[in-house]
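Residue-level listing of the chains:
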Amino acid sequence: MNMIKLNTLLSLLIIALISFACNKQQSYLPEKGVSFALNEYRKKTIDSIHYAIELDIPAGKSAKIIGRETISFNLNALDSALVLDFNADSSKISEIKIGDEVLPYNFVNEHIVIDSRHLKKGRNAITIDFTAGDLSLNRSEDYLYTLFVPDRASTCFPLFDQPNLKATYTLTLKTPQGWEAVSNGGLISKAIEKGKSVYRFNKTKPISSYLFAFAAGKFFKTTKSVDGCEMTMYYRETDTAKVNRNQDEVFELHGKSLEWLENYTAIDYPFEKFDFVLFPSFQYGGMEHPGAIFYNEPALFLDENASVNRRMARASVIAHESAHMWFGDLVTMDWFNDVWLKEVFANFMAAKIVHPSFPEINHDLRFLLAHYPNAYEVDRSAGTNPILQKLGNLKNAGTLYGAIIYMKAPIVMRQLERKIGAPLMQESLREYLKTYSFGNARWDDLIGIIDQKTPQNIAQWSNVWVKTPDMPEYAFDSANVVAQLRDSVSARAWEQPLQSRKVTSVGQNAFFPNSDGTGYGYFKMDPASVAYFFRNYGSGDSLFSNPVFRGAMLVNIWEGFLRGNGPGPEAFVQNMLAALSKEQNPLLVDYLLGNLQTAWWMFLSAPQREGYQKEAEAVLWQLLLKTEDKGIKTSYFRAFKGIALTDDGWKKMESLWNGKLDVKGLVLSEEDKISLAYELALKGKGETTTILNQQLTATKNPDRKARMQFVIPALSHDEQTRDAFFESLKKEENREKEAWVLDALSYLHHPLRAQSALKYLRPSLELLQEIQLTGDIFFPTRWLHNTFAGHSSPEAAEIANQFLYERPDYPYFLKNKILQATDMTNRAVKSAKVYGQNNHSASSSQ
């Protein structure tokens, strides 16, 4: 073979190999979402990303939003096709170019796939003309806002939608004149061009894609400087008195949070500016977009009679979102399985931040009641999960959110701080933030830092508390010592210090496990000790005068009640009413009222409720009148409104609603009047349609009026109207306002309507996978909760159990959500069997 023939054969071979590689790239089929494998490959091969985005926003909510973006990035490998994420219809892509060259591409499983032969190692820039997807734009007629967590930026525009590909962004928004606009970057300029307002925003610091955000629309705004930091608040509330009453405190709480965080972390606020936007029906309490935090407006603009719990909740959500600027935004989890890491530090820091602002509050009690009951609600269920969960694809990241992340994780973090000491915790966190600033990190990175500073085996502790599910169970053993019961996982020891108390009285012993409320788990109490506790509730005894002790025992007793340990539902309700008459701590009053209402509607049968109806209403009403604390008075008002059913109770509610009855110290907001109208309509006395129409006319705020119009069909006494309303929820566009949907579901499935609502349960479960794909991160959990929270019948439990039985391969995360949501229903059914409540399912079918 001569050299010419050899060179020819080699050339043909090279051409064949190139052709094979190109064909292989063209046939590359990425799965929907962002798989862990795609995430890891792009993390290794792409960096230094910048997005320059232009969007033309029309008036109204239905017209198309036309966009153009230029994505520039460094590429260090050409061995695979470039994959951009765009979770929208392929018809929304108009053109893709590099320079003047129009690029061919494939659109595969919500991805734009570009052959690497059109790219080069080093810097690349791709320009895409597109129509923005609407799924995460939350559009109303006169405003919109983005919500891109965890993987929803790609529903709006093409990008690399994963948290460890941080990027910088510049944004230009064209909006109708008269609209305001805000984004992460500072405003460079505002101009009027061709009849539209044009906002140009500055280049951001590197942030993850789920943190990019903008809002535009008709907003009021106020700008203030707090300790040298200028802040602008955008809002839609039309009640100027409410705004004026709240705005100074809202600004001050932000200022205090930022100052505390700068001192704790030794890092100045890391982003260019600090603004926040309040929306009337925002899906979450808040969302931590750097430079543009979004909040649920009613959570910050409180009513005049707001309880201390609500004021603390406002301070906490502000501190939580402010803490995210460092924990989550400056340093972000590498992959969304560590999403809990940003949330636990935000909650953990928030608890520290708010304490000085509320010196009158027992913060150990607040921490106990704010975290433990909600964490137990999931951890006691068959659908519980570890804090650190496995995640194979970002499309399932939203299902990781829940009480384990938000409530159990801060408990575990507090245990860690106590284990290693507060100074070492602060030192470790400062090193963690400095090391990974404007980058990404994992939980194990932090554990590695701590392990280097302490002789304790923190990794071993973490493996149990962070990486395995469930809660430990304890009881007094024969030696009267609290002992851990046999664990469901072999050889798993839950390391934690525990305190307990023993009281001897008249020759009898009463045992009170976890007396300081810091231990985590189910602490079983014997019936004699429970009885002793309630007999001595409100006594001057030094032990019983400690609110943390009372709170810890009430949590133990509630957990025991749910497990069938202790008195039955009737005795439990009597104990709650008796304790309320002796309790003046606002946090404990709220906790007792919550347990009372759950036991009332879920565990008492209809005849049992009827037997206690007058007594319960009388007790709550008298407590409402007697208490001088305006916050506690409001709590009693809301509890009374929730259970009142007698003619006398209904008349009291009607008179409060129409203003004929004035209770000293009770100030009713527009929201209170709306909820009263709902309860009056639900409970079916008088001209319910007239009441709702009068309230609709009286409601001045346009956002609240629109919400009322949406909810009213769910309150109808006509079953066909309710049926038609539920059918409408099967259409995605009718679920856009998730807060409105959840309001409606709570009335559609109210215990008084439970029997007629049974037919909605299976279709609601069948919608769950679609809701996960189209709704925001908390919507699947809340959809399930508001669907099943009013159901305590065997029929309801069987519908859920049968649904899962027929689907052995149902998605693991969603199966867990169903098991969590139906846990209380199953416990109520079991309780009815134990205590012989044969009429438990006989709720009214109004």
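Preceding this section is the structure that the text describes.
The numbers attached to residues start from 1 for each chain and follow its sequence in the written order. Residue-level local features of this predicted model are given only where pLDDT is at least 70; pairs of side-chain atoms are given and counted only at 80 or more, and the full residue set underlies all totals for whole chains, interfaces and linings. Note that the side-chain values use all heavy atoms of the structure and ignore hydrogens as well as water.

This paragraph deals with the packing of aromatic side chains. Put simply, two rings from Phe, Tyr or Trp (the six-membered ring, in Trp's case) pair if the centres are within 6.5 Å, and we call them stacked under 30 degrees between planes, edge-to-face over 60, tilted for the rest. Overall, the coordinates contain 70 aromatic pairs when judged by the stated rule. With centroids separated by 5.9 Å and ring planes inclined at 55°, the aromatic side chains of Y432 and Y436 adopt a geometry described as tilted. Three labels apply to residues, based on accessible area from a 1.4 Å probe with only protein chains included: buried if under 20% of the type maximum, exposed if over 50%, partly exposed otherwise in between. Judged by relative accessible area, which is 3%, Y432 ranks as buried. Connected via pairs of aromatic rings, a cluster forms that spans Y143, Y145, F219, F279, F282, Y284, F294, Y401, Y406 and F778. Throughout this description, the term charge over a ring refers to an Arg CZ or Lys NZ atom that lies within 6 Å of the ring centre and within 35 degrees of the ring normal. The ring of Y522 has R563 lying over it, and the distance from NZ or CZ to the ring centre is 4.1 Å. The lysine or arginine in question, K737, covers the ring of W740, its NZ or CZ lying 5.6 Å from the ring centre.

This part takes up the pattern of salt bridges. When a carboxyl oxygen of Asp or Glu is within 4 Å of a side-chain nitrogen of Lys or Arg, the pair counts as a salt bridge. Considering all chains together, one arrives at 46 salt bridges under this definition. Close ionic contact of D444 with K467 constitutes a salt bridge, the shortest N to O distance being 3.3 Å. With D444 in helix 10 (residues 443–451) and K467 in the loop between helix 11 (458–465) and strand 22 (473–476), this residue pair connects regions lying 23 residues apart in the sequence. When salt bridges with common partners are traced through the structure, they connect E237, K242, D303, R638, E670, E671, D672 and R704 into a single cluster. Numbering goes from the N terminus for both helices and strands, where a helix is a DSSP run of H or I of at least four residues and a strand is a run of E of at least two.

Nonpolar cores are built from buried Ala, Val, Leu, Ile, Met, Phe, Trp, Tyr and Cys residues. Side-chain atoms within 4.5 Å join them into one set. One finds W340 and F512 to be the most contacted residues of the largest nonpolar core, which totals 278 residues. In this structure, W340 is in contact with I387, L388, I405, A409, M413, W443 and V466, ignoring residues within four places of it in sequence. Residues are treated as being in contact if the distance between any of their heavy atoms lies within 4.5 Å.

What follows is about a negative patch on the surface. Together, D227, E249, E252 and E259 give the surface a local cluster of negative charge. Looking at the element boundaries, E249 is found in helix 3 (residues 240–265). Residue classification places E249 among the partly exposed residues on the basis of a relative accessible area of 35%. Within the patch definition used here, like charges are joined within 9 Å and nonpolar side chains (Val, Leu, Ile, Met, Phe, Trp, Tyr) within 5 Å, considering only residues with over 30% relative accessible area and no salt bridge. All accessibility values rest on the Shrake-Rupley procedure with a 1.4 Å probe; residue burial counts only the protein chains present in the view. In this count, Lys and Arg are taken as positive residues and Asp and Glu as negative ones, while His and the chain termini are left out. Where a charge lies is defined by one atom per residue type, namely NZ (Lys), CZ (Arg), CG (Asp) and CD (Glu).

Here a cavity denotes a set of grid points, spaced 1 Å apart and computed over the protein atoms alone, in which a 1.4 Å probe fits but from which it cannot get out, and a pocket denotes an open set meeting protein on both sides within 12 Å along at least five of seven lines; residues with an atom within 4 Å of a point are reported as lining. Grid points are joined across faces, edges and corners, and a volume is the space filled by probe spheres set on the points. Within the structure shown, the criterion is met by 11 cavities of 30 Å³ or more. Its boundaries defined by the atoms lining it, the second largest cavity holds a volume of some 80 Å³. Forming the walls of the second largest cavity are 13 residues, and the residues nearest its centre are Y41, L75, S80, A81 and L82. At the level of elements, helix 2 (36–45) and strand 3 (82–85) are the ones that each hand at least two residues to the lining of the second largest cavity. At four residues, the largest contribution of residues to the lining of the second largest cavity is made by helix 2. Classification used: nonpolar for Ala, Val, Leu, Ile, Met, Phe, Trp, Tyr, Cys and Pro, charged for Asp, Glu, Lys and Arg, polar for all others including Gly. Broken down by class, the residue content of the lining of the second largest cavity amounts to nine nonpolar, three polar and one charged.

With that out of the way, let us pick up the packing of helix 14 (residues 569–582) against helix 15 (residues 586–603). For helices, the fitted axis covers only the stretch in contact; all axes are lines through C-alpha atoms, and the angles between them, taken along N-to-C directions, range from 0 to 180 degrees. Two numbers describe how helix 14 lies on helix 15: the axes approach to 10 Å, and their chain directions differ by 155°. The angle between helix 14 and helix 15 falls in the class roughly antiparallel. Classified by chirality, the crossing of helix 15 by helix 14 is left-handed. Mapping the contact onto sequence places P569, F572, V573, M576, L577, A579 and L580 in helix 14 and V589, L592, L593, N595, L596, A599, W600 and F603 in helix 15. By residue class, the composition of the contact of helix 14 with helix 15 is 14 nonpolar, one polar and no charged. Comment on the angle field: the value is read as roughly parallel under 35 degrees, roughly antiparallel over 145, roughly perpendicular from 65 to 115, and oblique elsewhere. Put simply, a crossing is left-handed when the front helix is turned counterclockwise from the back one by less than a right angle, and right-handed when it is turned clockwise.

Our next topic: the sheet that holds strand 9 (residues 143–145). Overall, antiparallel pairing links the three strands, which are arranged 9-14-11 in an open sheet. A strand with exactly one partner marks an edge of an open sheet, and here the two such strands are strand 9 and strand 11 (180–183). Strand-to-strand twist of the sheet, defined as the mean angle between neighbouring strand axes without regard to direction, takes the value 5°. When DSSP finds two or more bridges between a pair of strands, those strands are recorded as paired.

Left-over empty space is what a probe sized like a water molecule reveals as it rolls over the atoms. What the largest pocket holds in volume is close to 580 Å³. If you trace the largest pocket, you find 36 residues lining it, with N87, E110, R152, K395 and L773 closest to the centre. In terms of residue count, the dominant contributor to the lining of the largest pocket is helix 26 (residues 768–774) (four residues). For the lining of the largest pocket, the class distribution of residues is 11 nonpolar, 13 polar and 12 charged. Estimates place the volume of the second largest pocket at around 450 Å³. As for the second largest pocket, its lining consists of 25 residues, and the residues nearest its centre are D134, L135, N138, R139 and E736.

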